[in-house]
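So the chains spell out like this:
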Amino acid sequence: MTSLIVADRGQDARTVHLIDPAGFDAWLSARPSPIRAVLAAQRFAPKAGRVAILPDEGDDWSAVTVVADTGRLTPWCLAHLPPVLPPGSYRVDGGDVRQALLGWATAQYRFTRYRKADDDAPRVLLTDAVAHIDEVLRQAAAIAWVRDLVNTPAGDLGPAELADVARQLGERHGATVSVIAGRDLERGYPMIHSVGKAAAKGREPRLIELEWGNPAHPRVALVGKGVCFDTGGLDIKPTAGMKLMKKDMGGAAHALALAGLVMETHLPVRLHLLIPAVENAVSGDAFRPGDVLDTRKGLTVENTNTDAEGRLVLGDALTKACEGRPELLIDFATLTGAARVALGPDLPATFANDEALATDLLAAGITEHDPLWRMPLWDAYDEQLKSDIADMINAPEGGMAGAVTAALFLRRFVDPGIVWAHLDTFAWRAAARPGRAKGGEAYGLRAAWRLLRDRYAGK
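Here the residue index of a chain counts from 1 through its sequence in written order. The predicted origin of the model limits local features to residues at a pLDDT of at least 70 and limits the giving and counting of side-chain atom pairs to 80 or more, whereas totals for whole chains, interfaces and linings rest on all residues. Based on all heavy atoms of the structure, the side-chain values leave hydrogens and waters out of the count.

**Quick notes on the overall build of the protein chain**
Along its length, the protein chain carries 14 helices and 20 strands. In terms of its C-alpha atoms, the protein chain occupies a principal-axis envelope of roughly 80 × 50 × 45 Å. Each residue's exposure class comes from its accessible area (1.4 Å probe, protein chains only) as a fraction of the maximum for that residue type: buried when under 20%, exposed when over 50%, partly exposed otherwise. Going through the 459 residues of the protein chain one by one, you find that 55% of them count as buried. In this description, contact between two residues means that some pair of their heavy atoms is separated by no more than 4.5 Å. Long-range pairs, those at least 24 residues apart, make up 76% of the contacts in the protein chain with a sequence separation of at least 6. Accessible area for the protein chain stands at about 19300 Å²; split by element, carbon and sulfur atoms hold 50% of it. Averaged over its 52 positive side-chain charges, the protein chain has a centre that lies 2 Å from the centre of its 58 negative ones. For helices the rule is a DSSP run of H or I covering at least 4 residues; for strands it is a run of E covering at least 2, with both sets numbered from the N terminus onward. Residue exposure ignores everything except the shown protein chains as possible cover, and the areas themselves are Shrake-Rupley values with a 1.4 Å probe. Counting rule for charge: Lys and Arg are taken as positive, Asp and Glu as negative, and neither His nor the chain ends is counted. Think of each charge as sitting on NZ of Lys, CZ of Arg, CG of Asp or CD of Glu.

Shown next, in the form of structure tokens:
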């Protein structure tokens, strides 16, 4: 990503003329007749996303593209250009492209672990918005990392490999990383152990923990659901439901990427990252519907659905996070299909137990064009978690308000007084859009990063 956007110091580059429908006629009238003829031959219309190649003097050429409003650019308004322009360097004429830099970079993402990219030569954008380049490229790299992790099949990214990813991240930034695995989880993290114990040798469950920063700084805890593959357990998913379950560690990918941004920028916080990493497998040792599970918090949970496993592993991890008394706790999880039914893939269902946090998160999402949608921690639905034989169940029958009851389950493991937000995110894009490839995707990452920067940078 580092070579895709560079400071404009007068290097040779082709020009991209940026226009909008309102300014098209005036721009066109100022062009020489050969240019107008070329555009007419290409049936060029002033509609957002249209691109045309224009002849210049000699053998040179430039391009013209249309955006909705040159005065209000978005991160994605130039993202349609890199796939259609040849490799080389470009500068934009006709608008302040600071807001559009991110999409230029993310549009050049390719997942190449298993197949060489057809075209991986860079399209370089020159810009005089020098102060923004490093931050944009950091965010683009974080998005690419989330995509890479989510796109990697479970056969190559199980709990052990996810722990290795965290160790490598910690080594780059001088963080302390510890991992508890297998039977060693039984006493301290019994729900994580129960969910993951059916996995094959070498794919045992793990609790991954990273700590970084000055202990005197405000403590911020990040928790990410790391279900590396979800069969559904004994309540096994149908084929269609299992097809994308390599992405069920998308919450962990978001938490890792956000932790990387915190450490790379030396944000003045005491960072605590927790990832419960499991494979929800089927074997003779699988946990069963009806089992009563112990928890790190001391509550008991009647397991009414082995396919509601994510909230179980998160419960133990949230309990551990709260023991450090963080000033702020955020978890990311690909938790419920109900959230997707309610909001679709683009909007993470966002729950918060603090009004200021909710307001700031939503505002950060708007600022960063990374929208969130608040959902209620509706107290009246808490009774749906009642059990006849244990302190609670993990999955109410009927499926109504499924995203809400899942969040209420998690709230049971967040200590009073801890400011907490839960992002139920999809982590997957079913169809490509400019700057946003089909496959693994980061939703809510930039909003959460903006929140952390606004609260802690410069303190």
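Continuing now.
**Comments concerning the packing of aromatic side chains**
Each Phe, Tyr or Trp ring, with Trp reduced to its six-membered ring, pairs with another whose centre is within 6.5 Å; inter-plane angles below 30 degrees give stacked pairs, above 60 give edge-to-face pairs, and intermediate values give tilted ones. Under the criterion given, the structure shown has 7 aromatic pairs. Through pairs of rings, three or more aromatic residues link up here, namely F24, W27 and F44. Geometry around Y109 places R147 over its ring, the cationic atom sitting 5.2 Å from the centre. In this scheme, Lys NZ or Arg CZ marks a charge over a ring once it lies within 6 Å of the ring centre and within 35 degrees of the ring normal. The ring centre of W145 lies 5.9 Å from the NZ or CZ of R172, which sits over that ring.

**Quick word on the environment of M375**
Positionally, M375 belongs in the loop between strand 16 (373–374) and strand 17 (392–393). Along the chain, M375 and A339 lie 36 residues apart, while their C-alpha atoms are 9.3 Å from each other.

**Remarks on the side chain of T65**
In this structure, T65 sits in strand 4 (residues 61–66). Looking at T65, its side chain comes within polar contact range of the side chain of H80, at 2.7 Å. Setting aside anything within four residues of it in sequence, one finds T65 in contact with V16, H17, L18, I19, R50, V51, H80 and L81. What qualifies as a polar contact is a pair of N or O atoms within 3.5 Å, subject to a donor-acceptor requirement within protein and to the restriction that residues adjacent in sequence count only when both atoms come from side chains.

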